[in-house]
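Observations on the three-dimensional arrangement
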Amino acid sequence: MTIRVLVTNDDGIAAPGLRWLARTAVQRGLDVVVAAPSEEASGASAAMSAVERDGRVVVEEHPIEELPGVPAYGVAGSPALITLIALHGAFGPAPSAVLSGINRGANAGRAVLHSGTVGAAFTAAANGCHGLAVSLDVLSVHEASTGSGGAAVAVPRPDRDERRHWATAARVALDLLPRLTAGPVESVLNVNSPDLPYERLRGIRRGTLAGFGQVQMTVAEAGKGFVRTALEESGQYVEPGTDVAWLAEGYASVTAIRAVTEASDVDLSGLDDPR
């Protein structure tokens, strides 16, 4: 049985990483539909936001030249919203897996909380659908800006972006698809790949979440009626075995994560006692 997948992202429908991920999914024989934000939505996390016209979310067909016959849509909404409406049949039959990416810049450490790429995968998992997020490590403090919500965003550089190694990240992600679909639907696979040719990739490693992202937001200036943010290197010790550490060593990293779970180590005893 052919697996139907939604390919989405938070960099927007015109992003090269989206095309590479969709193309690789088609080459693997998957039934692909593409739906992504009309404009960049980095840092959206799992927000349910959209632009409506007459009470309807704005959706426009956006054919991808390299993928004739593959339905593709630009949606005036966040990645999580796009995922949710796709699961309810907005773009044809509901997918059984959501592939989100390939993000321009790694989504590593606990900073994944803010990622629109990961937020789409979390939304899939929360609604009974397998979700995988994949990102390419191109982000540095010198090539980033603060996007919506203060999230670190790799600045688009069209001439350079087309030469990046999206194919490596796409191949790693699709190689992990059987593990995704064999695992519990509540879990998301978060994949990060270095910007290297596949033959130079040192391997794929299971990484724990680092306690921070690669860069962090700081307040550069605060004045009357404004706050200006900036990005800086985290300066924290990189713990071996984390996603950030594996990337630095030339490995792709994969981490199984869950968005919302109950905490059992908080003392709430006595609250259920009858009054």
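Scroll up to find the structure this text is about.
Presented here is a report on the structure given in the accompanying data block. (Residues numbered from 1 in each chain as written. Predicted model: local features only at pLDDT ≥ 70, side-chain atom pairs only at ≥ 80, totals over all residues. Heavy atoms only, no water.)

1. Observations regarding the packing of helix α2 (residues 79–87) against helix α3 (residues 116–126)
To be explicit about the condition: To get an axis, fit a line to the C-alpha atoms, keeping to the stretch in contact for a helix; angles then go from 0 to 180 degrees between the N-to-C directions. Helical segments are the DSSP runs of H or I of at least four residues, strand segments are the runs of E of at least two, and each set is numbered from the N terminus. Angle categories: roughly parallel below 35 degrees, roughly antiparallel above 145, roughly perpendicular from 65 to 115, and oblique for all the rest. Take the far helix as the reference: if the near one is turned anticlockwise from it by less than a right angle, the crossing is left-handed, and if turned clockwise, right-handed. By definition in these notes, contact holds between two residues if any of their heavy atoms fall within 4.5 Å. As a working rule, the residues Ala, Val, Leu, Ile, Met, Phe, Trp, Tyr, Cys and Pro are called nonpolar, Asp, Glu, Lys and Arg charged, and the rest polar, with Gly in that last group.
Close contact between α2 and α3 brings their axes to 8 Å; oriented N to C, the two are set at 30°. The pairing of α2 with α3 is recorded here as roughly parallel in orientation. The two elements α2 and α3 meet at a crossing, and its hand is right-handed. Of the residues in α3, those touching α2 at Pro79, Ala80, Thr83, Leu84 and Leu87 are Gly116, Gly119, Ala120, Thr123 and Ala124. A class-by-class count of the residues in the contact of α2 with α3 yields six nonpolar, four polar and no charged.

2. With respect to the side chain of Asp11
Counted only if it meets this: Pairing of N or O atoms within 3.5 Å defines a polar contact, subject to two protein rules: one partner must be a possible hydrogen donor and the other a possible acceptor, and residues neighboring in sequence count only if both atoms are side-chain atoms.
Relative to the elements of secondary structure, Asp11 occurs in the loop between β1 (4–8) and α1 (16–27). A distance of 3.4 Å separates the side chain of Asp11 from the side chain of Ser42, its partner in a polar contact. In this structure the side chain of Asp11 is engaged in a polar contact, spanning 2.8 Å, whose partner is the backbone nitrogen of Arg104. When neighbours within four sequence positions are excluded, Asp11 is seen to be in contact with Glu40, Ser42, Ile102, Asn103 and Arg104.

3. Focus: α2
This is how the line gets drawn: Burial status follows relative accessibility: with a 1.4 Å probe on protein chains alone, a residue under 20% of its type maximum counts as buried, one over 50% as exposed, and anything between as partly exposed.
For α2, the tally of buried residues reaches seven of nine residues, placing the bulk of the element in the interior. All buried positions along α2 are accounted for by Pro79, Ala80, Leu81, Ile82, Thr83, Ala86 and Leu87. The secondary structure elements touched by the buried residues of α2 are β1, β2 (31–37), β6 (72–75), β7 (97–104) and α3. With its phi angle positive at about 90°, Gly89 sits one or two positions after the end of α2.

4. A look at the side chain of Asn190
Assignment of secondary structure puts Asn190 in strand β11 (residues 188–194). Judged by relative accessible area, Asn190 falls into the buried class, the value being 0%. Separated by 2.9 Å, the side chain of Asn190 and the backbone oxygen of Asn107 make a polar contact. Excluding residues that lie within four positions of it along the chain, Asn190 makes contacts with Asn107, Val112, Val118, Ala133, Ser253, Val254, Thr255 and Ile257.

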